[in-house]
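Observations on chain architecture
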Amino acid sequence: PPVIHREDYRPFPWRVPTTDLAFELGIEKTRITATLAVERNPDAEPSDRLRLNGDGITAQSVTVDGEAVNDWEMDGPDLVLPLAGDAHTVEIVTEIDPSANTQLMGLYASNGMLCTQCEAEGFRRITFFPDRPDVLSTYRVRMSGPKEQFPILLCNGNRAAEGENGDGTHWAEWHDPWPKPSYLFALVAGDLVANSGDFTTVSGRRVECNIWVRREDLARTDHALESLHRSMRWDEETFGREYDLDLYNIVAVSDFNMGAMENKGLNVFNTKYVLADKDTATDGDFDAVEGVIAHEYFHNWSGNRITCRDWFQLSLKEGFTVLRDQLFSQDMRGEAVKRIEDVRILRAAQFPEDAGPLAHPIRPDSYREISNFYTATVYNKGAEVIRMMRSMAGEERFRKGTDLYFERHDGEAATCEDFVRAIEDGAGLDLTQFRLWYSQAGTPRVRVSHEVAGDGIRITLSQQVPATPGQAKKQPMVIPLRLAVHSKANETTGTEHIAVLTEAEQVFEYPLTGPDPVISINRGFTAPVIVERELARDDLVFLAAHDDDPFARYEALQELAVDHLVAAASGETSEGGEAALVEAFRAILADGTLDDAMRGELMMLPSETYLFEAMAGSGATGTRKADPGAIHAARERLKAAIGSGCAEELDALYDRAEEVAFDDPAGRGARKVKAQVLVYAAASDPAKAAEMAARQYDRADNMTDRQGALMVLAGLEAPEREERLADFYDRYRGNDLVIDKWFTLQALSLHPQVIAQVEALAQHRDFTIRNPNRVRSLYMAFAGNPQGFHAQDGAGYRMIADLILKLDPINPQTAARFVSPLGRWRRIEPKRAALMKAELERIAEADNLSRDTYEQVSRSLD
Ligand code: HT7
Ligand code: ZN
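Residues numbered from 1 in each chain as written. Chains lettered and ligands numbered in written order. Predicted model: local features only at pLDDT ≥ 70, side-chain atom pairs only at ≥ 80, totals over all residues. Heavy atoms only, no water.

Turning our eyes to something else, we now look at helix 18 (residues 703–714). For helix 18, with twelve residues, the first-to-last C-alpha span of 16 Å sits near the 16 Å given by 1.5 Å per residue. Burial of helix 18 is extensive: ten of the twelve residues sit out of reach of the surface. The set of residues buried in helix 18 consists of Met703, Thr704, Asp705, Arg706, Gly708, Ala709, Leu710, Val712, Leu713 and Ala714. Along its buried surface, helix 18 packs onto helix 2 (283–298), helix 16 (667–684), helix 17 (686–699), helix 19 (719–732) and helix 20 (736–747). At the N-terminal end of helix 18, a side-chain oxygen is found 3.1 Å from the backbone nitrogen of threonine 704, two or three residues along, and the residue is asparagine 702. (Helix = DSSP H or I, 4+ residues; strand = E, 2+ residues; numbered from the N terminus. Expected span 1.5 Å × (residues − 1). Buried < 20%, exposed > 50% of the residue type's maximum accessible area, 1.4 Å probe, protein only. Contact = heavy atoms within 4.5 Å. Polar contact = N/O pair within 3.5 Å; in protein donor to acceptor, adjacent residues only side chain to side chain.)

This is the structure we're talking about:
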């Protein structure tokens, strides 16, 4: 497959001011008549040929200005038509079989309904079209189909007309007044019902909001609708963005490759991010629904009104929109806990990507398959990069920058450079050097050292950006770090400063506020970097107990744990490390100033994946490899030590939390700490944990408590395990999203027989390889279970490779996402590395590998 380069971008020679589509809908046969008004683009190199992208489709007929023509040709999947004049009308008829579309890209069938997914290049599976984001067109769509099967017919924009054909079929016409690229096109036809609620915008526009679902799911849609209304108001208040149509439709579908899609006026969502009630969804699920609803809504401005010029600019809309949804959730749920959650996600998903063979800048330079670039780097690191601009400018000036961006580029297909320039001009920043964040991959490492000089402190910061594939040499980046210098002796916290590191090494001087200084740095995680500081254990304990920045407190505790666990996993002595951690935990448990939501965060040990990254490349020579077995054992030992060392405090915390009712404002925090107490009990006293968890499971009046208990039980060899797993299955049989949890719980479990269990689950009657949620619920969970995935004999690697080979012909996009866990082979100890590499080679040798999987496997082996 060819490599596409960012540098090769050229404007399209033709414009398409209007697009008329007529769909005659059927699950097995849908006929599409596309009528395109085309005219020469004066801003592009002229061409007498019109290239229309296609993918697996054939034209039934082609007419130009009303005359049938046959001088067109196919160039690979594309249709190329000679056009001599300046403006023409081109009509093309295609026929497709949505029921055979297992890739879930383009028009496909899901549970008896029809729906679309066009981003990034799915529209070309429906009809021939210049399927690129810089070709904006105004769409009119007529849909017709059997009324009984498809009583609801939805498309982008507003419904213009509807009627019956008198033969059992009906039709609807839709008009979207906003020009859009083809990737934002959407259509849905099915037997759906809506939870509806109007929203009145700041200027008085009444917007009809609908959440469309299957009838049996209607009772679980209130949270989604309320989240939508909250998002609409927040975007007006925070970014000055108002909604621009009279209708906002969201449709939930159960077969979906990603989380959701922001199609103009007609979002299509994975059911996982719509449906929630307390019996079937955890607190985390409620948060995810709110976050994804907000994310897709915010795209209406950052994505739809201003779209991307080409797919290399994906972070323009995704990075910015992730930042917007993060800020929204911070405002809804509290800044500190949300920030910690977001950093945890970044470290779990993006840092390993940046350190591995798939590392790429947030604005990549090349790709073979764009679907592979919907990554944590483009999304989450992209958000961090814009967050840094906001930190440097301050909220008010940042808002001036975003206002200018929206004003300047409304209605355009823009670039990351356009965004940066608007922030520079609007916020008054010089971002010349800062632009390196768009072009350099890799997580910078910042070293911190200091010396006390009289009544001041000299802090030396140095940075190093690691080599990444295709980028051996790096230039120093702009790294803004919020910091404060506390006094350990006085137990006082210092004033906050912002140090902006721009050179390879730089010294910053600040006054001291007391003796025995301790530096609190990267407060609030202002920069997505790895800080390397050699702090004495006492200093970390001090920060964990006293830092006034909640993130820095969390960070100190994590660092304490990482230092100890990496040393323990490497066979080094970490004398006093365990005892210090037990004491730090005791302090967290006793701290009356903390609420339980924060306490629950602080109680979470660094994940094994994070420890894997910390161990790889560490050590005196920097060549240490990660040993997942040793990491797991060390972490379990520490959990047991904390569980027994703090048993009394943990029991007291559990008893207190158990008294808090579900709806109490403190309820969420209480549920979080209860789950943590069970985790520590399971490591220190499994029999007691089994009893506690079984009791919690039986008494639960909500999914958070039930799932938390079952998660712990699933890892134990106790009779309670099988009983409660069977109960859970019977109780929720038929509810796909909850049965997904049942698969995940078992695939993630710490049970010694987890591989055999996952093998058996793959044969379960409810397992299907055709539904991405179900595949992820079993296999993505398993790939994230270090104990199972990294089994010493390579059985875990084999299982994932087998899955990739089986899934690739069915759904290549989903298959390709399973490659990256195997791609970490270079950072792991040699025995496992060889086994992982051998599995990648086995995949690479397979015939007819998709472009998606081929690209990921070849990059992983390079
Ligand atoms: N913008 C949406 C991307 C998306 C997608 C991409 C490839 C294949 C399937 C997909 N479904 C949705 C999602 C978002 O970021 O909002
Ligand atoms: Zn998005």
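Moving on: the side chain of threonine 63. With respect to the helices, strands and loops of the structure, threonine 63 is situated in strand 5 (residues 59–64). On the basis of relative accessible area, threonine 63 is assigned to the buried category, the value being 15%. Residue contacts for threonine 63: discarding those within four places in its chain leaves Ala68, Val69, Thr89, Val90 and Glu91.

One can describe the packing of helix 11 (residues 577–590) onto helix 14 (residues 628–645) by two numbers: an axis separation of 10 Å at closest approach and a directional angle of 50°. Judged on the interaxial angle alone, helix 14 and helix 11 are oblique. In this structure, helix 11 crosses over helix 14, and the sense of that crossing is right-handed. Contacts from Glu578, Leu581, Val582, Phe585 and Arg586 of helix 11 reach helix 14 at Leu638, Ala641, Ile642 and Gly645. Across the contact of helix 11 with helix 14, the residue classes tally to six nonpolar, one polar and two charged. (Axes fitted to C-alpha atoms, helices over the stretch in contact; angles between N-to-C directions. Parallel < 35°, antiparallel > 145°, perpendicular 65-115°, else oblique. Left-handed = near helix turned anticlockwise from the far one by under 90°. Nonpolar A, V, L, I, M, F, W, Y, C, P; charged D, E, K, R; others polar.)

As a further point, take the site of ligand 1. Taken together, 16 residues are adjacent to ligand 1, and Glu119, Glu262, Glu296, Glu318 and Tyr379 come closest. With respect to ligand 1, the side chain of glutamine 117 contributes an N or O atom lying 3.3 Å from a nitrogen atom. At 3.3 Å, a side-chain N or O of histidine 299 approaches an oxygen atom of ligand 1. Its free accessible area being 390 Å², ligand 1 has 97% of it covered by the protein chains. Partitioned by chemical class, the residues of the shell around ligand 1 number seven nonpolar, four polar and five charged. Here the shell around ligand 1 spans two domains, since at least three of its residues come from each of domain 1 (4–298) and domain 2 (307–439). (Near = heavy atom within 4 Å. Areas by Shrake-Rupley, 256 points an atom, 1.4 Å probe, with all protein chains shown as cover. Domains from an automatic or database assignment.)

Now for the sheet that holds strand 8 (residues 78–82). Spatially, 4-8-7 is the arrangement adopted by the three strands of the open sheet, whose pairing is antiparallel. Across the chains shown, the open sheet's two edge strands, defined by having one partner strand only, are strand 4 (49–52) and strand 7 (73–75). Across the sheet, the mean angle from the axis of one strand to that of its neighbour is 30°, orientation sign disregarded. (Pairing = 2+ DSSP bridges.)

Moving on: the packing of aromatic side chains. Taken as a whole, this structure holds 35 aromatic pairs when the rule is applied. Here the aromatic rings of tyrosine 183 and tryptophan 311 are separated by 4.9 Å at their centres, their planes lie at 70°, and the arrangement is edge-to-face. One end of the pair, tyrosine 183, is in the loop between strand 15 (169–180) and strand 16 (187–190); the other, tryptophan 311, is in the loop between strand 22 (307–308) and helix 3 (314–333), and 128 residues separate them in sequence. According to the relative accessible area criterion, tryptophan 311 is buried, its value standing at 5%. Between phenylalanine 789 and tyrosine 797, the ring centres sit 5.0 Å apart and the planes meet at 80°, which makes this aromatic pair edge-to-face. A relative accessible area of 2% means that phenylalanine 789 is categorised as buried. (Phe/Tyr/Trp six-rings, centres within 6.5 Å; stacked < 30°, edge-to-face > 60°.)

This brings us to the packing of helix 19 against helix 20. Two numbers describe how helix 19 lies on helix 20: the axes approach to 9 Å, and their chain directions differ by 160°. Overall, the two elements helix 19 and helix 20 adopt an arrangement that is roughly antiparallel. Judged by the twist between their axes, the crossing of helix 19 over helix 20 is left-handed. On the side of helix 19, the interface is formed by Leu725, Phe728, Tyr729 and Tyr732, while helix 20 contributes Val738, Ile739, Lys741, Trp742 and Gln746. Residues of the contact of helix 19 with helix 20, tallied by class, amount to seven nonpolar, one polar and one charged.

The protein atoms that coordinate the zinc ion (ligand 2) are His295 (NE2), His299 (NE2) and Glu318 (OE), at distances of 1.9 to 2.0 Å. Accessibility expressed as a relative area gives 8% for histidine 295, which makes it buried. Note on glutamate 318: relative accessible area 1%, which makes it buried. (Donors = N, O, S within 2.8 Å, 3.2 Å for Na, K, Ca; no water.)

Next up on the list: the domain arrangement of the protein chain. You can read the domains of the protein chain as domain 1 (4–298), domain 2 (307–439), domain 3 (445–527) and domain 4 (733–862). The centre of domain 2, based on its C-alpha atoms, is set 30 Å off from the matching centre of domain 4. Between domain 2 and domain 4, the residue contacts involve 13 residues of the former and 15 residues of the latter. In this assembly, domain 2 packs against domain 4 so that about 1,300 Å² is buried in total across both faces, 46% of it on carbon and sulfur atoms. Where domain 2 touches domain 4, the interface holds one salt bridge. In this structure, glutamate 369 engages arginine 851 in a salt bridge whose closest nitrogen and oxygen atoms are separated by 2.8 Å. (Buried area = accessible area lost by both parts, 1.4 Å probe. Salt bridge = Lys/Arg side-chain N within 4 Å of Asp/Glu carboxyl O.)

For helix 22 (residues 772–783), a buried count of ten out of twelve residues is recorded, marking the element as mostly surrounded by other parts of the structure. Among all positions in helix 22, only Pro772, Asn773, Arg774, Val775, Ser777, Leu778, Tyr779, Ala781, Phe782 and Ala783 are buried. Two or three places before asparagine 773, at the start of helix 22, stands the capping residue asparagine 771, its side-chain oxygen 3.2 Å from that residue's backbone nitrogen.

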